[in-house]
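Results of the structural survey
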Amino acid sequence: MSELLWAEKYRPKTLDEVINQKEIVERLKKFVAERNIPHMLFAGPPGTGKTTVAHALAHDLYGENYRQYMLELNASDERKIEVIRTKVKEFARSKVVGEVGFKIVLLDEADNMTSDAQQALRRLMELYSANTRFILTANYPSKIIEPIQSRCAVFRFTALKKEDVVPRLQYICQNENLKCRERALEVIYELSEGDMRRAINILQSAAALGEVTEEVVYKVVGLAHPREIREMIQLALAGNFLEARKKLRDLMITYGLSGLDVIKQVHREIFSSDLKIPEDLRVMIADYAGEIQFRLVEGADDEIQLNAFLARLALLGRKFKV
Amino acid sequence: MSMRNLPWIIKYRPKHIDEVVNQEEAKQKLIAWLKSWETGKPQKKAVLLHGPAGCGKTSLVEAIAKTYGYEIFEMNASDSRRKEDIERLAKTASQTSALRGKKKIILLDEVDGLDPRADMGGVEALVEVIKNTRNPIIMTANNPYREHLKPLRDLAEVIAMNRLKETDVVKVLQKICSAEKIECEQEALREIAKRSEGDLRSAINDLQAAVIDGRVTLQSVKAVSTYRDRVYAPWEALRKLFSAQYVFQAKDAVTSTDLDPEEMKTWINEHIPTWYDNPEEVWRAYEALSRADVYFGRIVKTQNWDLLSYALDMMGPGVAFARKQYKGKFVAFKMPERIRILSETKKSREYREALAEYFASRLLTSKATVKAEFIPYLRVIFTNNPKYAAAIAREYKLPEELITWLAGPRAKEVLSYLKKPVK
């Protein structure tokens, strides 16, 4: 027996299968009918279908073998504009066959590109616009430079609603012959914050653990998103720097987290109501967390930066008598 | 600092030439050369005294000076790039000692520390100083045979010092033990001597670090980790750093080891909380190290090496003067745990990276998203439901080592399901 990840298995293949983002899908279907698309920017939170819709669109345009007409790049993985330039150049050079007169460059997570790289990208878009169309996806459209935005048709994807997510999860449960409590599916929706990918991942992991109940759902999410971060924060605030540092090291080994992963999760944690600390302390910690994140991005060493952060927590913890 | 808290390497420096062990030849040559100054005309105006780290070069010079009534005018050669230092040196060297004043020896420590590129003028300036000196000049070096030191070798009488023998080291250690009234296991002293590889300084430091409740045992010696082939052992540099009284000492401390700045960073990172116990000091020290680290990051990014000096400022003096109050103390600086951890996190990250690579294209997403959104759930499945995990592994043709990493303690179960024939 072999088993697909459901995120792959239940991914819509065609625009017709896409259940939400109705207005966007309608307009895209018109493009397909006209056999022409503009450059596009798909903006919206994670797990709302940006990449899926791009693939479905390409599928509808070119048919089953659409991937040969599409260059898929990911800005998070290929940060060097040089790499992107070379690949686009090569891809654009080859002739277009078939009835559609252009090929598609899908550049995922384009908001991870520096503005310099985006400037270079803009020139690429102009240079090859005769036979290529660019589809960019981004979580934050504001991080895409204006000249690119103005060259693109911008589509805003919104977080999925409960009415979209729960029925879809129910459909999956039926298809997989699973017992799923309605309440459990609602909890999945709440925990995934309108992110379909995450909702499906939680569902599949819960199913692997047994019957999908509220309890199991919470357990899965707890396992996947470690609490150690909170424990580390609490240890540091209690003045136990050495133990906190040990925890940090464990986290980085067990979960393979990078310094950035850790500080981002810390940032989420400090505003969690489960962490009982004074409100003004939250703000002070957030401020220093931001500074540390900035230093990490500047190319500094993960552990040293986070140790500085933990040492700061130990000091603040004492001042605030946490 | 009272005599009691003095590092033993200072406390037990030889005070008389007779106390210097196992360097007869060097001693004789040096004394003869010094006598030739007193009788008027030395053949060579400088001596280049060389030998491995910790064999007692500086101690020998100090002992000779004490024995024959000289005053030492000391300069670290690596400082001599500064124009005013050279001028000061030249002036001191060219003046004969005052009639009633003490005779002078000019000691230039670590001339092999002169950077051939950065201190282009350094060697030449020293050559001039030697030509014009009216006082004996002694230079020390670990390695006198570096290319750019040739002009100095030509001008000076080159005197070699021996690496100390284990038995000599043991003898010195024994003397210290009885002076300190410490109970020392003979085999412990031999172990220290063996590890020191003739480096008496590190041996004495090891001895002091290994004292537990007035005793030195083989076990306590083995607990004190030692690094060799260094100008200063890392923990020695740390001690220099944390107990620095002046900025220059702190800066020296971080540059006087053979550790590269990356390694030095790791040692300091490990031991800030070993040395400091007040939370404010801990944070101030980490903040300084963190700033140093940012400079290093910028240097790597921009290749702007001018920034190195700032990085070292923060890493050395920044960390040393994080203290609110100076406290002399003696702590053992062990090998950073992080060196082990780094290799483990590295492995862990490599596995995650490989997994991300595996899944990214199938799942139409970035490696970053695979890492953040899929791997945590895969781990849940792999560590909780081996049979189901095996089915996923089969579908995605995951290699065994990635399965092993994902499933952790349940890897065997997953793999055995995977090996069962598919019906």
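Quick note: structure is the one above.
Here we summarise the structure given alongside this text. (Residues numbered from 1 in each chain as written. Chains lettered and ligands numbered in written order. Predicted model: local features only at pLDDT ≥ 70, side-chain atom pairs only at ≥ 80, totals over all residues. Heavy atoms only, no water.)

Remarks on the pattern of salt bridges
Taken as a whole and judged by the stated rule, the model has 41 salt bridges over all chains. Two residues, A:Arg183 and A:Glu186, come together in a salt bridge whose shortest N-O distance is 3.2 Å. With A:Arg183 and A:Glu186 both in helix H8 (residues 182-192) and 3 residues apart, the pair spans about one turn of that helix. Under the relative-accessibility criterion, A:Arg183 is labelled partly exposed at 37%. Within this structure, A:Arg245, A:Arg249, A:Glu303 and B:Glu270 form a network of salt bridges that share partners. (Salt bridge = Lys/Arg side-chain N within 4 Å of Asp/Glu carboxyl O. Helix = DSSP H or I, 4+ residues; strand = E, 2+ residues; numbered from the N terminus. Buried < 20%, exposed > 50% of the residue type's maximum accessible area, 1.4 Å probe, protein only.)

Structural notes on the state of the cysteines
Residues and elements named next belong to chain B. Scanning the entire structure with this criterion turns up 2 disulfides over all chains. There is a disulfide in this structure between Cys177 and Cys184, and the S-S distance comes to 2.2 Å. Residues Cys177 and Cys184 are joined by a disulfide whose S-S torsion is about -85°; by sign, that bridge is left-handed. (Disulfide = S-S within 2.5 Å.)

Some points on the pairing of strand S2 (residues 70-74) of chain A
Residue and element names in this part refer to chain A. In terms of burial, S2 is a largely internal element, 4 of the 5 residues being buried. One ladder, built from 5 bridges, connects S2 with strand S3 (residues 103-108); its direction is parallel. Paired with Asn74 across the strands is Asp108, a residue of S3. (Pairing = 2+ DSSP bridges.)

Here's the deal with helix H17 (residues 367-384) of chain B
Residue and element names in this part refer to chain B. The first and last C-alpha atoms of H17 sit 24 Å apart over 18 residues, in line with the 26 Å expected at 1.5 Å per residue. Most pronounced at Phe374, the bend in H17 amounts to some 45°, and the proline Pro376 follows within four residues. Within H17, 13 of the 18 residues are buried, leaving the element largely enclosed by the surrounding structure. (Expected span 1.5 Å × (residues − 1). Bend = angle between axes of the 7 residues up to and from the residue.)

Here's the deal with the interface of chain A and chain B
With 61 residues of chain A at the interface, the matching set in chain B holds 55 residues. Approximately 5,200 Å² of surface area, both sides summed, lies buried where chain A meets chain B, with 54% of it carried by carbon and sulfur atoms. Where chain A touches chain B, the interface holds 7 salt bridges. A:Arg198 serves as the salt-bridge partner of B:Glu373, at 2.7 Å between the closest nitrogen and oxygen. Where chain A meets chain B, there are 28 residue pairs in polar contact (both at pLDDT 80 or more). Among the secondary structure elements, those contributing two or more residues to the side of chain A that touches chain B are helix H1 (6-9), helix H3 (50-62), S2, helix H9 (196-209), helix H10 (214-224), helix H12 (241-254), helix H14 (279-297) and helix H15 (302-319) of chain A. (Contact = heavy atoms within 4.5 Å. Buried area = accessible area lost by both parts, 1.4 Å probe. Polar contact = N/O pair within 3.5 Å; in protein donor to acceptor, adjacent residues only side chain to side chain.)

Here we look at the side chain of B:Asp168
Residues and elements named next belong to chain B. With respect to the helices and strands, the residue Asp168 is situated in helix H7 (residues 166-180). In this structure Asp168 is buried but unpaired, with Lys171 as the nearest side chain of opposite charge at 4.2 Å. If sequence neighbours within four positions are ignored, Asp168 has contacts with Val21 and Asn22. (Lys, Arg positive; Asp, Glu negative; His and termini not counted.)

Some remarks on unusual backbone geometry
In the Ramachandran plot, A:Glu109 falls in the positive-phi region, its phi being about 55° despite a non-glycine side chain. Inspection of the secondary structure assignment puts A:Glu109 in the loop between S3 and helix H5 (115-127). Positioned with a positive phi, B:Leu364 is a non-glycine residue whose angle comes to about 50°.

Focus on the nonpolar core
Ranked by size, the top nonpolar core spans 69 residues in total, and within it A:Phe309, B:Ile268 and B:Ile272 carry the most contacts. The residues contacting B:Ile272, other than those within four sequence positions of it, are B:Phe242, B:Val282, B:Ala285, B:Tyr286, B:Leu289 and B:Val319. By size, the runner-up hydrophobic cluster in this structure holds 57 residues, among which are A:Leu5, A:Ala184, A:Leu203 and B:Ile375. (Core = buried A, V, L, I, M, F, W, Y, C linked by side-chain atoms within 4.5 Å.)

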